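Listed below, chain by chain, are the residues.
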Amino acid sequence: MKKEDLLNDSFLKQFKSGEELESFLSQLQKRAVEKMLEGEMDAHLGYDKHQTSTNANSRNGYSSKTLKNSYGEAEIRVPRDRDGSFKPVLVPKRKSMAEGVENIIISMYAKGMSNQDIEEQIRELYDINVSTSTISRVTNAITEDITAWRNRPLDPVYLIVWMDGISFKVRENSKVVNKTVYIAVGLKTNGLKEVLGLWLGRNESSAFWMGVLTELKARGVEDILITATDNLNGFTETIRASFPQSVTQICVVHQIRNACRFVVWKDRKSFAGDMKEIYTAPTKDAAWAALDDFAKKWDSKYAYAIRSWRDNWDELTVFFDYPAEIRRIIYTTNLIENLNGKIRKYTKNKLSFPTDEAVMKSVYLAVMETSKKWTMPIKDWGVILNSFLLIFENRVRLNGT
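The following paragraphs examine the structure supplied in this document. (Residues numbered from 1 in each chain as written. Predicted model: local features only at pLDDT ≥ 70, side-chain atom pairs only at ≥ 80, totals over all residues. Heavy atoms only, no water.)

**Here we look at the overall build of the chain**
Along its length, the chain carries 18 helices and 7 strands. Expressed as a percentage of the 401 residues in the chain, the buried residues total 46%. Of the roughly 21,700 Å² that the chain leaves accessible, carbon and sulfur atoms contribute 50%. (Helix = DSSP H or I, 4+ residues; strand = E, 2+ residues; numbered from the N terminus. Buried < 20%, exposed > 50% of the residue type's maximum accessible area, 1.4 Å probe, protein only. Areas by Shrake-Rupley, 256 points an atom, 1.4 Å probe, with all protein chains shown as cover.)

What follows is the structure in structure tokens.
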């Protein structure tokens, strides 16, 4: 109901007092919220209230919750489902409606929506007016969360740490420049993945990563068994300076891309096929023989590609030292590249960011949204952990031991 309607004399005459009017408005909001919650349940179950479904899960009555608003308090009915998996966004458990709306704002912001888009979306979905200034206040509060998250203590040991970067356009001194958010993802001893941190910089360098690794040590990391990185000059030495026992695997996918970068189109399929014989070989010796065959065929046209393989051979072939189950997860930086893909998806609507803080907020929220699903150990974790325990028995700590 519009404000001008409420001020209409004929409407106001229905109420004998201001208390009656406030009671009416409170009940109006109560019914609106309950209708929105029913809509959330419909979306959760995948069918409307009065439809028949083959889903194992279904509605299971209601629970009550006290809703506080500007008109006082009102008891609302919150729908329940049989398996208890329904978690309302608008009115979260043990939280107020205002906190629920804040969660919605943050989720939309994480998906790359502008403040104005969020304002319009909330109005359309929930018939709630939230100003862009309020939305800015909510998202600005994330800065404190980022600071706390970036300084939280870390585990003493990570089995693998993947490190990579993703570039964004950011406004600086009235110009739009390229900056990179650097990301480190660790594999914990319980098989779960964890984003260890985010760092913003202009140019990737060994000195930059030295600062990152120093920070990880300050936050409690004592040992990293294996690092998976791109082929940055001096990166291996930088890692060893901070974690002397760590071994570094250069991402084979990065190597393939770099090697194919200047290969003419008509040669690319054959070139990539021959190169595949190197990194899919059963042993390191067989891989070296495949590299010799590759060089005989292509050295006259693409000598730089062969030279790149030979110059980085030790770091490119670390995975051959491990059983198949470990090879699969250190072979490439696919895990972190998949994360980068999710970040790109959430930030694709923003052609550039106005400040460093803005890009960090967006990436942080995208990471939080993505990592919500990281609730299970990686595939075949029991076999993988057993291999790590056999190979690194003196360095792997389980359950804090």
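**Some points on a positive patch on the surface**
Judged by side-chain charge, Lys342, Lys345, Lys348 and Lys373 come together as a positively charged surface patch. Summarising the element assignment, Lys345 is placed in helix α16 (residues 334-347). Among the residues examined, Lys345 registers a relative accessible area of 52% and is labelled exposed. (Patch = residues over 30% accessible without salt bridge, like charges linked within 9 Å, V, L, I, M, F, W, Y side chains within 5 Å. Salt bridge = Lys/Arg side-chain N within 4 Å of Asp/Glu carboxyl O. Lys, Arg positive; Asp, Glu negative; His and termini not counted. Charge placed at Lys NZ, Arg CZ, Asp CG, Glu CD.)

**A word on the pattern of salt bridges**
For the coordinates displayed, the defined rule picks out 15 salt bridges. A salt bridge links Glu172 to Lys179, with the nearest nitrogen and oxygen atoms 2.7 Å apart. Overall, the relative accessible area of 25% leaves Glu172 in the partly exposed class. For Lys179, a relative accessible area of 5% corresponds to the buried category. Here Asp267 makes a salt bridge to Lys266, at a shortest N to O gap of 3.5 Å.

**Re the nonpolar core**
As a rule of thumb, nonpolar side chains are buried together in soluble globular proteins. If you look at the biggest cluster of nonpolar residues, it comprises 79 residues, and the most contacted ones within it are Ile183, Leu198, Phe271, Trp309 and Phe388. Per element, the largest residue contribution to this core is 8 residues, and it comes from helix α17 (residues 356-371). In contact with Leu198, not counting residues within four places along its chain, are Trp149, Arg150, Val181, Tyr182, Ile183, Met360, Val363, Tyr364 and Val367. Counting 18 residues, the second-largest nonpolar core is a separate cluster that includes Ala184, Trp199, Val212 and Leu216. (Core = buried A, V, L, I, M, F, W, Y, C linked by side-chain atoms within 4.5 Å. Contact = heavy atoms within 4.5 Å.)

**Observations concerning the sheet that holds strand β4 (residues 175-187)**
Strand order in the open sheet formed by 5 strands is β5-β4-β3-β6-β7, and the pairing between neighbours is mixed. Edge strands, defined here as strands with exactly one partner in the open sheet, are β5 (193-201) and β7 (247-250). Each neighbouring strand pair of the sheet contributes to a mean axis angle of 25 degrees, computed without reference to strand direction. Note that β4 and β5 share 8 bridges and pair antiparallel. (Pairing = 2+ DSSP bridges. Axes fitted to C-alpha atoms, helices over the stretch in contact; angles between N-to-C directions.)

**A short note on unusual backbone geometry**
One non-glycine residue, Asn173, adopts positive backbone phi at about 50 degrees. Positionally, Asn173 belongs in the loop between β3 (157-172) and β4. Unusually for a residue other than glycine, Ser174 sits at a positive phi of about 70 degrees. Mapped onto the elements, Ser174 comes out in the loop between β3 and β4.

**Structural notes on the packing of aromatic side chains**
Within the structure shown, the criterion is met by 15 aromatic pairs. Seen in terms of ring centroids, Phe208 and Trp209 are 6.2 Å apart; in terms of plane orientation they differ by 90 degrees. Their pairing is edge-to-face. Here Phe208 falls in the partly exposed class, since its relative accessible area comes to 21%. Judged by centre distance (5.4 Å) and plane angle (70 degrees), the ring pair of Phe271 and Trp298 falls under edge-to-face. One end of the pair, Phe271, is in helix α11 (residues 265-279); the other, Trp298, is in helix α12 (residues 284-298), with 27 residues separating them in the sequence. Trp298 shares its class with Phe271; the two are buried. By way of ring pairs, the aromatic residues Phe271, Phe294, Trp298 and Tyr302 are connected into one cluster. Over the face of the ring belonging to Trp288 we find Arg310, whose NZ or CZ atom lies 5.2 Å from the ring centre. (Phe/Tyr/Trp six-rings, centres within 6.5 Å; stacked < 30°, edge-to-face > 60°. Lys NZ or Arg CZ within 6 Å of the ring centre and 35° of its normal.)

**Focus on helix α10 (residues 252-260)**
Here α10 lies mainly inside the structure; 7 of its 9 residues are buried. Listed in full, the buried residues belonging to α10 are Val252, Val253, His254, Gln255, Ile256, Ala259 and Cys260.

**Quick notes on the side chain of Asp81**
Mapped onto the fold, Asp81 is located in strand β2 (residues 72-81). Within the structure, Asp81 has its side chain in polar contact with the side chain of Ser85 (distance 2.9 Å). From its side chain, Asp81 meets the backbone nitrogen of Phe86 in a polar contact 3.1 Å long. When sequence neighbours within four positions are dropped, the list of residues in contact with Asp81 reads Met41, His44, Leu45, Asn57, Ser58, Arg59, Asn60 and Phe86. (Polar contact = N/O pair within 3.5 Å; in protein donor to acceptor, adjacent residues only side chain to side chain.)

Nothing here speaks to function; it is all geometry.
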